[in-house]
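# Results of the structural survey
The primary structure of each chain is shown beneath.
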Amino acid sequence: MPVPASFNDITQDPNLRRFIGWVWYEKEVLLPKHWLQDTFKTRVVLRVGSAHYYAIVWVNGVQVVEHEGGHLPFEADISTIVQASPGDPCRITIAVNNTLSPYTLPPGTIQYLKDESKYPKGYFVQNTKFDFFNYAGIHRPVVVYTTPVAYIDDITVTTALSGNIGVVRYEVSVIGSSQYSLSLNLREKEGKVVATGQEAVGELKVVDPKLWWPYLMHENPGYLYYLEVKLSAQVDEDLTEDVYTVPVGIRTVHVTSSQFLINGKPFYFHGVNKHEDADIRGKGLDWSLIAKDFNLLKWLGANSFRTSHYPYAEEIMDLCDTYGIVVIDECPGVGMKDIENFGNQSLAHHLVVMEELIRRDKNRPSVVMWSVANEPASELPPAANYFKTVIAHTKAIDPTRPVTFVSNANYARDHGAPYVDVICVNSYFSWYHDSGHLEVIQLQLNTQFENWYETYHKPIIQSEYGADAVSGLHSDPPLMFSEEYQVAVLKQYHAVLDKKRKEYVIGELIWNFADFMTDQAVTRVLGNKKGIFTRQRQPKPAAFVLRDRYWKLANESSCLPRTVQYYNL
């Protein structure tokens, strides 16, 4: 079985495609001798980028780590195990279980069907309330790496602007020695050192900094400095060294009652929702697909996306930092539809997930907002304390970014909305509601915006909208599932968005960037077809409509003088 990849679509076995339970991976590797010979100077670490959903890891038969959650990395120090037998192969065993419960993120339930006149004895199915296929397996790379025994454990970076001075505040955590010194160099992309430091906690100042700007908002988007941290530590009688470099984007984020400001300038999200989803690999990391998607985003004129509905691979996030693609970083809080999903057990796990997500992505300039859930049953009374707690915990860990969750609840009964900084609303007028009636979209959408804003006086993002379109299916007049209907829905939404973005609407994210796989259902023909691209990344007519719109929006919002505008080429 290849890694990284979902196991579901690799074989011809339908039982494996829908398998629920434990699967086992095992591989033997030969580690470099110098990693194993100097046992008091080298720390050997096994890191798993992502395993969905619950994982237990053994090395040479010894359990080294367990992890719950399918979209974030985890690791274990395996030094003593592998250094005990330096001439032998290192056997790595990973057991992965994709069973979901009411207390996991995302949640699910196991249903036993006991009528033996219809089902075999012991027959069960896993039920979920989210609309994407629950791919499983080891989805991201598994690596073994080394550090010195005294090493840089963590670096936290935040940035600010004070006049023409860029301020980079940092905190370095060191493990393995209390006797150490640090040397910090902040370098421009071209290599020039612009600031230095020596303390574990401090700030660096840059005169006339090159700011990190979103794509299409500046002629040089995604500008990154590089903070190089060097550690010299005393361990017994030996001096050890460790070096780590963190990309740094100097930028600020601020939210008012009607605007989202990046570097003090109004930012309008014109982007997409995505999925990690592809033929054969499922949710497995696919560099070719990632490169294709970023080229399509740039072609489209999209400046942002939401990681619907779980954290994406670090490799994707790296490119967002580099290209200036703004990210709403969402945890796997999707499918939370039952009251059981809002109890103390779920809450405790949700807080841990947010801690893990923030630890991973806190230094990324592309991440401008955290999303703690998608379409939860926030009208249920327990949702009030639940989201108050999750959002407060998120802000306590990272006070530099706004926090939201994405709602499809009634504005007057949403118990979580009072605690968010930005209102994110999903709606599918003329699709799931008043199906086929394009003529009601503008009235209903306008009412939606006015109700939410009058109630909360917070900026609003239309975080999902769209319609299914089967590629190549045509109808005039437009009928549902035709490419023409998808285009018509978009144009009706855009008419209202063009009015409201002059007031308090700060963004629009199409659902979805590309078609994606779902569970089988009578409303799903080989998956969800709301993509403006097919699953194979071929454009539908809606992609050209959106491209024309996004480039026009980019020209309006660019910080460049009008003599240096972007054009839809």
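Residues numbered from 1 in each chain as written. Predicted model: local features only at pLDDT ≥ 70, side-chain atom pairs only at ≥ 80, totals over all residues. Heavy atoms only, no water.

What counts here: UniProt positions are given in the numbering used here, feature names are shortened, and annotations may be inferred rather than shown by experiment.
The name that an unreviewed UniProt entry assigns to the protein chain is Beta-glucuronidase, with the source organism given as Alligator sinensis. As stated in UniProt under Subunit (unreviewed entry), the record for the protein chain gives "Homotetramer."

### A short note on the packing of aromatic side chains
Basically, it comes down to this: Any pair of Phe, Tyr and Trp rings, taking the six-membered ring for Trp, is counted once the centres come within 6.5 Å. Such a pair is stacked with planes under 30 degrees apart, edge-to-face with planes over 60 apart, and tilted for the rest. Only DSSP runs of H or I reaching four residues or more are called helices, and only runs of E reaching two or more are called strands; each is numbered from the N terminus. Three exposure classes are used, based on accessible area relative to the maximum for each residue type with a 1.4 Å probe and protein chains only: buried under 20%, partly exposed in between, and exposed over 50%.
On inspection of all chains with the given rule, the structure shows 28 aromatic pairs. Measuring from centroid to centroid gives 5.4 Å for Y112 and F124, while their planes differ by 50°, and the two rings are tilted. One end of the pair, Y112, is in strand β8 (residues 109-112); the other, F124, is in strand β9 (residues 124-127), and 12 residues separate them in sequence. The class for F124 is partly exposed, based on a relative accessible area of 32%. Note on F133 and Y135: the rings are 4.7 Å apart at their centroids and 70° apart in plane angle, and the pair reads as edge-to-face. Accessibility classification places F133 together with Y135 in one group, the buried group.

### Remarks on the nonpolar core
To keep it simple, the criterion reads: The criterion is simple. A nonpolar core is a set of buried Ala, Val, Leu, Ile, Met, Phe, Trp, Tyr and Cys residues joined through side-chain atoms within 4.5 Å.
By size, the foremost hydrophobic cluster in this structure holds 90 residues, and its most contacted members are F294, F305, F387 and I460. Counting residues per element, this core draws most heavily on helix α9 (residues 483-500), at eight residues. Listed in part, the 44 residues of the second largest apolar core include W212, A233, I262 and C424.

### Topic: the pairing of strand β13 (residues 165-175)
So the rule is basically this: DSSP calls a pair of strands paired once it identifies at least 2 bridges connecting them.
Two elements, strand β12 (residues 151-162) and β13, share 11 bridges in a ladder whose sense is antiparallel. Bridging across to β13, T158 finds its partner in R169. Counting the residues that bridge the hairpin from β12 to β13 gives two residues, and of these G163 lies at a positive phi of roughly 65°. One ladder, built from seven bridges, connects β13 with strand β16 (residues 201-207); its direction is antiparallel.

### Quick notes on the sheet that holds strand β1 (residues 22-29)
Rules: Think of each axis as a best-fit line through the C-alpha atoms, taken over the contacting stretch in the case of a helix, with angles from 0 to 180 degrees between the N-to-C directions.
Spatially, four strands are ordered β1-β7-β4-β5 in an open sheet, and the strand pairing comes out antiparallel. Lying at the two open borders of the sheet, with one neighbouring strand each, are β1 and β5 (62-68). Recorded for the sheet is a direction-independent mean angle of 15° between the axes of neighbouring strands. Alignment of strand β4 (residues 54-59) against β5, held across six bridges, turns out to be antiparallel. Note on β5: the bridge partner recorded for I56 is E66.

### Here's the deal with the pattern of salt bridges
Note the cut-off: By definition here, a salt bridge exists when the distance from a side-chain nitrogen of Lys or Arg to a carboxyl oxygen of Asp or Glu is within 4 Å.
In the structure shown here, the tally under the stated rule is 39 salt bridges. Its salt-bridge partner being D361, residue R360 comes within 2.8 Å of it at the nearest N-O pair. Classification of R360 as buried rests on a relative accessible area of 13%. Classification of D361 as buried rests on a relative accessible area of 0%. One salt-bridge network, held together by shared partners, links D318, D321, R360, D361 and R364.

### Structural notes on the state of the cysteines
To keep it simple, the criterion reads: When two cysteine sulfur atoms lie within 2.5 Å, the pair is treated as a disulfide.
Across all of its chains, the model carries zero disulfides by this definition. A disulfide-free cysteine, C331 has its sulfur positioned 13 Å from the sulfur of C424, the nearest such atom. Classification of C331 as buried rests on a relative accessible area of 1%.

### Description of the sheet that holds β13
The strand order β12-β13-β16 describes an open sheet built from three strands, whose pairing is antiparallel. With one partner strand each, in any of the chains shown, β12 and β16 form the two edges of the open sheet. Looking at each pair of strands side by side, their axes are set apart by 20° on average, direction ignored.

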